[in-house]
Every structure is written in structure tokens, then in C-alpha cells.
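Observations on the model geometry
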Amino acid sequence: MNQKFVDFMNKYQNVPMALGVSGGVDSMCLLYWLHEIGANVYCLHVNHRLRPEADIETEYVIDVCKKLNIPCHIFYWNEKKPENGLEAAAREARYKMMTDFCHENNIEYLVTAHQSDDQIETFLMNLSRGSGLYGLSAMLPESERNGIKIIRPLLEVSRKEIRQYCDDNNIRYFIDSMNSDDHYTRVKIRKNRHLLEDDLGISDSRILLAIQNLGRTREWMDKYISLRIEMVIRSWGAMFISSFLFDEAEEIRLKFLGSLIQKIGGDDYPVRLNSLKQALCNLQSDCKFTLGHCTIRRLRDRILIVPEGKKTSFRKRHEKRKKNI
């Protein structure tokens, strides 16, 4: 068992958690490791009904959990499958079913089996898209989705080590045929990633170090943004002086405005970058527009953001704000 995994899990001892298990090598390894350290874990398996072998994998996961005496819950994605964006839609459906289970059963943590190779591939995918800090810092060891904390204890463990553990211990696992389909960008990157080290000398360890450095900057920014949001958020929305937004660096402006809109509007996903940039441009002067299920207005030096459909009266909001001080 990997010591970095053990060290990571020390702070989650005796905490009930759910684990997403596909039947692939990463999640099977993680299932056995969590069982070995005595974690209080529930297995969650989603059958997307996308491949003929999916039912066989489901039965296998059920059998392994019976052997390990781990509670197992099976979910089926029965909705109509989209013609485009199938991978993203399947991921969204999977997380929705698993996080709903966590809410219904008072489970605070959902564990996923993303490992260091997944981390590098995510970094390179986002690099190809021209992503900024948040995209290039890839996956955090702990994040949040649908109100549930997502933990990733294998981010410093390689796919090679995981596969070796399963092979050495005769742990059966399935290989998803979609993992070799060149139509997916991640698969193309996976098959050609070795060229970075072979031709340019850029090793996996150097990429992971860069991701970790970016992650620390991201964590600082997240804390700073959260503090700024707490200063302006109210039950009805938010109101602040324009300088509170525009005196910050552009990266902080974008993240602050996007996070505030998402919090007030209640969307699961953040506002697109181009839309945020246009919003900042609009807010340079008096304006009123909608974005992310919010109504956003600037009048002279004040900016008001409320849920779409609510009135944007500066006078009433200002009086209410003075009473709360």
C-alpha cells in the first residue's frame, strides 16, 4: 500500500464516506486499500448502460463488496443519452446520483479514484484550451460538488503502481473500451504524453510539481475570494462599491464576480469566462443586465446583484443594509 495514501487518509479516520467504484483498476485498488485501513466506506457503482459489458461489471462490484463486507449501492443511468457531449453528460449524471445518495444518508465525503496520471492528463487538456490558474491547477485533493466534499487520496499515486498492486494481489479489474477510443482528447493525450519526456525532458514529476505549486496559489485565492464574498453577501443578494471589485487584479475580479453570481443565482456550474469578461466591461458604467440567473445593476458607484426576477432598488437595499450594520 502506498504510504502517501495512508498519510492522506489519516485525517478521515472513522468518518463515513462513499466511494465511487466503476470496476476499473483505479477504483478497485482504492476499494481494497480503504478496506485494508478499516475505513467506514459505502461503495457506489453507476451503470451508465453504455456498453454491453456494463452489467457484468456491476455484478462483479456487487460480489467484491459482499466478499469485503462493504455496503454496495447500484445506480442506473436510464435517461436518453445525448448525441454530443456524452462523456460530460455521463460524468454529470454519475456525480448527481452519488452526491444525492450522500445527502440522503448524511455522508459528508465522496471519495474518487483519480490518480496522478489523471491529474497530468487533466493539466494537459486544460493547457491545450488555454486555461488559467484554475484549469492548470487541475484537481484538488479536496473540493466540493453539489454540496458534498470530494476527496481524492490517489493524486500522488501512479497508474503503474496501482495496476501493479492489483496484479500482484490477483485483484480482477475491467478495462473500459472507451479508454482506448481516440475520439476522446484525454485518450489522445494519454497515448502521446510520453513524448514530453522522451523528446523534451519534461518528466511527470516536474508536471506534478507545477500542478501542486499552482494548487497552493489557487487555495490562497479561494480563501481570499470567500472572505470578500462574505463581506458583501446578504440574504437578498449583494451590494458593494464599484471600487471593491475594480481595485483588484483582473484574475481576482473575474473569480470574485463569477463566484458571487454562482452563489446568488444557484447554478451548479460557473459562468463562462467570456461572459464574465463582458460583464466586467458592462460594469465599468451604469448598466443593468442578467447573467447566471442573476440581475446585475450598476448605478453611479454602487453595484447590486440579486436573483433574477427580484427588484433592483438601490434605495431599499441601502436602507436595509444600514439597519443591519
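My aim in this report is to walk through the structure given alongside it, one point at a time. (Residues numbered from 1 in each chain as written. Predicted model: local features only at pLDDT ≥ 70, side-chain atom pairs only at ≥ 80, totals over all residues. Heavy atoms only, no water.)

**Quick word on the pattern of salt bridges**
Tallying each qualifying case throughout the model produces 15 salt bridges. Across the salt bridge formed by Arg-145 and Glu-92, the nearest N and O atoms sit 3.0 Å from each other. Note that Arg-145 is positioned in strand S5 (residues 142–145) and Glu-92 in helix H4 (residues 86–104), a separation of 53 residues in sequence. Given a relative accessible area of 22%, Arg-145 falls into the partly exposed group. Through salt bridges that share partners, Asp-117, Asp-118, Glu-121, Arg-159, Arg-186, Arg-190, Arg-193 and Asp-204 make up one connected network. (Salt bridge = Lys/Arg side-chain N within 4 Å of Asp/Glu carboxyl O. Helix = DSSP H or I, 4+ residues; strand = E, 2+ residues; numbered from the N terminus. Buried < 20%, exposed > 50% of the residue type's maximum accessible area, 1.4 Å probe, protein only.)

**Brief notes about the side chain of Ser-259**
Turning to its location among the elements, Ser-259 is positioned in helix H12 (residues 250–265). When residues no more than four places from it in sequence are discounted, the contact partners of Ser-259 are Ile-225 and Ile-229. (Contact = heavy atoms within 4.5 Å.)

**Remarks on the nonpolar core**
Grouped together as the largest cluster of nonpolar side chains are 35 residues, with contacts concentrated most on Met-17, Leu-19, Met-28, Leu-30, Leu-31 and Leu-154. Listing elements by their share of this core, those giving two or more residues are helix H1 (3–9), strand S1 (17–20), helix H2 (25–36), strand S2 (41–47), helix H3 (54–68), strand S4 (109–111) and helix H7 (159–168). Among the elements that take part in this core, H2 stands out by supplying 8 residues, more than any other. Excluding its chain neighbours within four sequence positions, the residues that come into contact with Leu-31 are Leu-19, Val-21, Val-64, Cys-65, Leu-68 and Ile-70. Judged by nonpolar contacts, the second largest core, of 30 residues, contains Met-221, Ala-238, Ala-279 and Leu-291. (Core = buried A, V, L, I, M, F, W, Y, C linked by side-chain atoms within 4.5 Å.)

**Quick word on unusual backbone geometry**
If you check the backbone angles, Asn-146 has positive phi at about 55° while not being a glycine. We classify Asn-146 as partly exposed; its relative accessible area is 26%. Although it is not a glycine, Asn-170 sits at a positive phi angle of roughly 55°. Relative to the assigned elements, Asn-170 resides in the loop between H7 and helix H8 (185–192).

**Considering H7**
Buried residues of H7: Arg-159, Ile-162, Tyr-165 and Cys-166, and no others. Projected onto a plane normal to the axis of H7, the buried residues spread over an arc of 130° and lie on a single side. In H7, those exposed residues whose orientation departs by more than 90 degrees from the buried face are Lys-160 and Asp-168. Among the structural elements, H2, helix H5 (116–128) and H8 are those in contact with the buried residues of H7. Immediately beyond the C-terminal end of H7, within one or two residues, lies Asn-170, with a positive phi of roughly 55°. (Arc of directions from axis to C-beta.)

**Some words on the packing of aromatic side chains**
Scanning the model with the defined rule gives 11 aromatic pairs in all. Relative to Tyr-109, the ring of Tyr-12 lies with its centre 5.2 Å away and its plane at 75°, an arrangement referred to as edge-to-face. Of the two residues, Tyr-12 sits in the loop between H1 and S1 while Tyr-109 sits in strand S4, which places them 97 residues apart along the sequence. The same class applies to Tyr-12 and to Tyr-109, which are both buried. On the basis of an interplanar angle of 50° and a centroid distance of 6.0 Å, the ring pair of Phe-240 and Phe-244 is categorised as tilted. (Phe/Tyr/Trp six-rings, centres within 6.5 Å; stacked < 30°, edge-to-face > 60°.)

**Looking at the packing of H2 against H3**
Two elements in contact, H2 and H3, have axes whose closest approach is 11 Å; the angle formed by their N-to-C orientations is 15°. Put simply, H2 runs roughly parallel to H3. The two elements H2 and H3 meet at a crossing, and its hand is right-handed. Mapping the contact onto sequence places Met-28, Leu-31, Tyr-32 and His-35 in H2 and Tyr-60, Val-64, Cys-65, Lys-67 and Leu-68 in H3. When its residues are assigned to classes, the contact of H2 with H3 shows 7 nonpolar, 1 polar and 1 charged. (Axes fitted to C-alpha atoms, helices over the stretch in contact; angles between N-to-C directions. Parallel < 35°, antiparallel > 145°, perpendicular 65-115°, else oblique. Left-handed = near helix turned anticlockwise from the far one by under 90°. Nonpolar A, V, L, I, M, F, W, Y, C, P; charged D, E, K, R; others polar.)

Function-wise, these values are silent; they only describe arrangement.
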